[in-house]
Amino acid sequence: METPDTPAEGTPEQQEPTLTGIAAKSWSEASVDPHYRDAVVDLLGALAYGELAAFERLAEDAKLAPTLVDKAKLAAMASAEFQHHEKLARRLAAIDADPTEAMQPFVASLDEFHRLTAPSDWLEGLIKAYVGDSIASDFYREVASRLDSDTRALVLGVLDDTGHSSFAVERVRSAIEADPRVGGRLALWARRLMGEALSQAQRVVADRDALSTMLVGGVADGFDLAEVGRMFSRITEAHTKRMAALGLAA
């Protein structure tokens, strides 16, 4: 999912700071460190299962679509998510990691998140795809900034917007315009999704030592606890912007 942020003003040098540490290395250089390799396998495993779960969810949500056009749109998005999953699985295999084994540690927590946030109707499903998936994408983008160049390119590539952003915004805003009472219910739902998504992200990291180290320091240069706090603040700010785009209060 895309984050609807306004590009920063300034020169290219200001917008793209010089990369240092692991972020300036290739995979072949960075993976010499076994702790870093373990962190990347965890990260790609979490992403791969996240994409597989997103495929399943979008395919299921398509059943709630009110029109054939909407059903086809969700089906196309589900297909894109599955292609992302396959790309991540191929990458795991290429670095001598079993894709199934890499995904397994994240199945329970991600399945629990989806169980707790099962939408009751079409609009809630759109909100979940737009808000919930975008929060996850923001988190992974933050981590990607500390990855080696090869892994960073892969992660950012699979986080590309599948078209759900503009589609969800258009449909949700139209529904609110048709019945303003819908807005209050959807705003509450989005706030619940925000809380569950952040809790789920924190659980995933806490359960995996390699990912924890990547976030709080060690294999990821300069990523200390204070920076983790700022990271979640940026994710919250991006959520507020998305809510505004939907015409809802954060």
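Conventions used here
- Residues numbered from 1 in each chain as written.
- Predicted model: local features only at pLDDT ≥ 70, side-chain atom pairs only at ≥ 80, totals over all residues.
- Heavy atoms only, no water.
- Helix = DSSP H or I, 4+ residues; strand = E, 2+ residues; numbered from the N terminus.
- Buried < 20%, exposed > 50% of the residue type's maximum accessible area, 1.4 Å probe, protein only.
- Contact = heavy atoms within 4.5 Å.
- pLDDT = per-residue confidence, 0-100.
- Arc of directions from axis to C-beta.
- Polar contact = N/O pair within 3.5 Å; in protein donor to acceptor, adjacent residues only side chain to side chain.
- 1 Å grid on protein atoms, 1.4 Å probe; cavity = no way out; pocket = protein on both sides within 12 Å on 5 of 7 lines; lining within 4 Å.
- Points joined across faces, edges and corners; volume = space filled by probe spheres on them.
- Nonpolar A, V, L, I, M, F, W, Y, C, P; charged D, E, K, R; others polar.
- Expected span 1.5 Å × (residues − 1).
- Phe/Tyr/Trp six-rings, centres within 6.5 Å; stacked < 30°, edge-to-face > 60°.

The name given to the protein chain in an unreviewed UniProt entry is tRNA 2-methylthio-N6-isopentenyl adenosine(37) hydroxylase MiaE-like protein, with Streptomyces alkaliterrae as the source organism.

(A) Local environment of the overall build of the protein chain. Within the protein chain, the secondary structure is distributed over 12 helices and 0 strands. Relative to its 250 residues, the protein chain shows a buried fraction of 48%. When contacts within the protein chain are restricted to residue pairs at least 6 apart in sequence, long-range pairs at least 24 apart make up 80% of them.

(B) Representation of the confidence of the model for the protein chain within the structure. The predicted model of the protein chain has a mean per-residue pLDDT of 83, with 86% of residues at 70 or higher. Within the protein chain, no element has a lower average pLDDT than helix H1 (residues 12-15), which sits at 42, and none a higher one than helix H5 (residues 99-103), at 97. Below pLDDT 50 for its whole length, residues 1-16 participates in 26 contacts with residues either more than four positions away or in separate chains.

(C) Just helix H8 (residues 149-158), in detail. Along H8, the positions that sit buried rather than exposed are Thr151, Arg152, Leu154, Val155 and Val158. Here the buried residues of H8 occupy an arc of 165 degrees about the axis, which is enough to place them on one side. Turning to H8, the residues buried within the fold contact helix H2 (27-30), helix H3 (34-61), helix H4 (68-94) and helix H7 (122-144). Sitting at the amino-terminal end of H8 is Asp148, which places a side-chain oxygen 3.1 Å from the backbone nitrogen of Asp150.

(D) Structural context of empty space enclosed by the protein. In total, this model carries 2 cavities of 30 Å³ or more according to the counting rule given. Taken together, 31 residues make up the lining of the largest cavity; nearest its centre are Gly50, Asp133, Ala136, Ser137 and Tyr140. The class makeup of the residues in the lining of the largest cavity is 19 nonpolar, 7 polar and 5 charged.

(E) Looking closely at unusual backbone geometry. The residue Asp96 is not glycine, and still its phi comes out positive at about 65 degrees. A residue is classified by how much of its surface remains accessible, and Asp96, at 69% relative accessible area, is exposed.

(F) The arrangement of H3 in detail. Helix length check: H3 (28 residues) gives 40 Å between terminal C-alpha atoms against 40 Å at 1.5 Å per residue, within 8%. Where H3 begins, the side chain of Asp33 points an oxygen toward the backbone nitrogen of His35, at a separation of 2.9 Å.

(G) Structural context of the side chain of Thr151. Here Thr151 lies in helix H8. In this structure Thr151 comes out as buried when scored by relative accessible area, which is 1%. In contact with Thr151, not counting residues within four places along its chain, are Trp27, Val40, Leu44 and Arg91.

(H) Summary view of the environment of Glu56. By secondary structure assignment, the location of Glu56 is in helix H3. By relative accessible area, Glu56 is classed as partly exposed at 47%. Note: C-alpha distance between Glu56 and Glu81 (25 residues apart in sequence) is 9.1 Å.

(I) Expanded view of the packing of aromatic side chains. In total, this model carries 5 aromatic pairs according to the counting rule given. A ring pair is formed by Phe139 and Tyr140, whose centres lie 5.4 Å apart and whose planes are at 65 degrees; its orientation type is edge-to-face. The class for Tyr140 is buried, based on a relative accessible area of 13%. Between Phe139 and Phe232 the ring centres are 6.4 Å apart and the planes differ by 25 degrees, which places this aromatic pair in the stacked class. A residue pair is termed long-range when its members are at least 10 positions apart, and Phe139 in helix H7 and Phe232 in helix H12 (residues 225-246) qualify at 93 residues. Like Phe232, Phe139 is buried. In this structure an aromatic cluster arises from ring pairing among Phe139, Tyr140 and Phe232.

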